[in-house]
Amino acid sequence: MTELLGVSTVHPRALPNDLPDDALRVRPNDRGRVAIDPGRVGWRYLSFDAVWVEAEVRFAAAASEACVVVVSGGDVEVRSGAARWTLPGRASPFDRLP
C-alpha cells in the first residue's frame, strides 16, 4: 500500500488478495513461532519466520538471503561460516529501531 496525499492506495501491479479475514491474522504456535511462506499468503517471494530464542538456535543454510532482527531481549550473536556479528538487544519492540 502507498500513501499519496493522505489516501492509501494499492499499487496497480500488486497481486490481488483473496484471503479470508481469519487468514489475515496469524497466531504463533505453542512454542511462540510464527511462519509464513509465499504459498500460504499468495506472495511471490518473501517468507517470514519469527522465532522465540532462549538459547542457541541453528538454522540450515538456505539458498536465499536471510535477515535477523532482535525484537526484544539480550544481544544476539549471529555466525555464518567464519563471519560473526553481534546484534544489540533491546528491552521491547518499542525501545528503539533495530
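So, a few notes on the structure that sits alongside this text. (Residues numbered from 1 in each chain as written. Predicted model: local features only at pLDDT ≥ 70, side-chain atom pairs only at ≥ 80, totals over all residues. Heavy atoms only, no water.)

## Quick word on the overall build of the protein
1) Next: Tallying secondary structure elements over the protein gives two helices and six strands in all.
2) Next: Along the protein, helices and strands appear, N-terminal first, in the series β-β-α-β-α-β-β-β.
3) Next: Put simply, the protein has 98 residues, and 6% of those count as buried.
4) Next: Sequence separation of at least 24 residues holds for 7% of the intrachain contacts in the protein that already meet a minimum separation of 6. (Helix = DSSP H or I, 4+ residues; strand = E, 2+ residues; numbered from the N terminus. Buried < 20%, exposed > 50% of the residue type's maximum accessible area, 1.4 Å probe, protein only. Contact = heavy atoms within 4.5 Å.)

## Things to note about the pairing of strand 6 (residues 83-87)
1) Next: Pairing of strand 5 (residues 76-80) with strand 6, which is carried by five bridges, proceeds in the antiparallel orientation. In the sheet register, Val-78 faces strand 6, and the bridge partner there is Trp-85.
2) Next: Once strand 5 ends, the chain turns through two residues before running back antiparallel as strand 6, passing Gly-81 with a positive phi of about 60 degrees. (Pairing = 2+ DSSP bridges.)

## A few points about the layout of surface pockets
1) Next: In this structure, the largest pocket spans a volume of roughly 2,100 Å³.
2) Next: In terms of lining, the largest pocket is formed by 37 residues, of which the most central are Asp-49, Phe-59, Cys-67, Val-68 and Val-69.
3) Next: With five residues, the single largest contributor to the lining of the largest pocket is strand 5.
4) Next: Classifying every residue of the lining of the largest pocket by side-chain character gives 23 nonpolar, seven polar and seven charged.
5) Next: Size it by volume and the second largest pocket reaches roughly 260 Å³. (1 Å grid on protein atoms, 1.4 Å probe; cavity = no way out; pocket = protein on both sides within 12 Å on 5 of 7 lines; lining within 4 Å. Points joined across faces, edges and corners; volume = space filled by probe spheres on them. Nonpolar A, V, L, I, M, F, W, Y, C, P; charged D, E, K, R; others polar.)

## Concerning the pattern of salt bridges
1) Next: For the coordinates displayed, the defined rule picks out three salt bridges.
2) Next: Arg-79 is paired through a salt bridge with Glu-77; the nearest N and O atoms lie 3.1 Å apart.
3) Next: The partly exposed category is assigned to Arg-79, whose relative accessible area is 48%.
4) Next: Notably, a salt bridge pairs Arg-84 with Glu-77, separated by 3.5 Å at the nearest N-O pair.
5) Next: For Arg-84, a relative accessible area of 55% translates into the label exposed.
6) Next: Through salt bridges with shared partners, a single ionic network connects Glu-77, Arg-79 and Arg-84. (Salt bridge = Lys/Arg side-chain N within 4 Å of Asp/Glu carboxyl O.)

Fair warning: the whole summary comes from geometry, so function is off the table for now.
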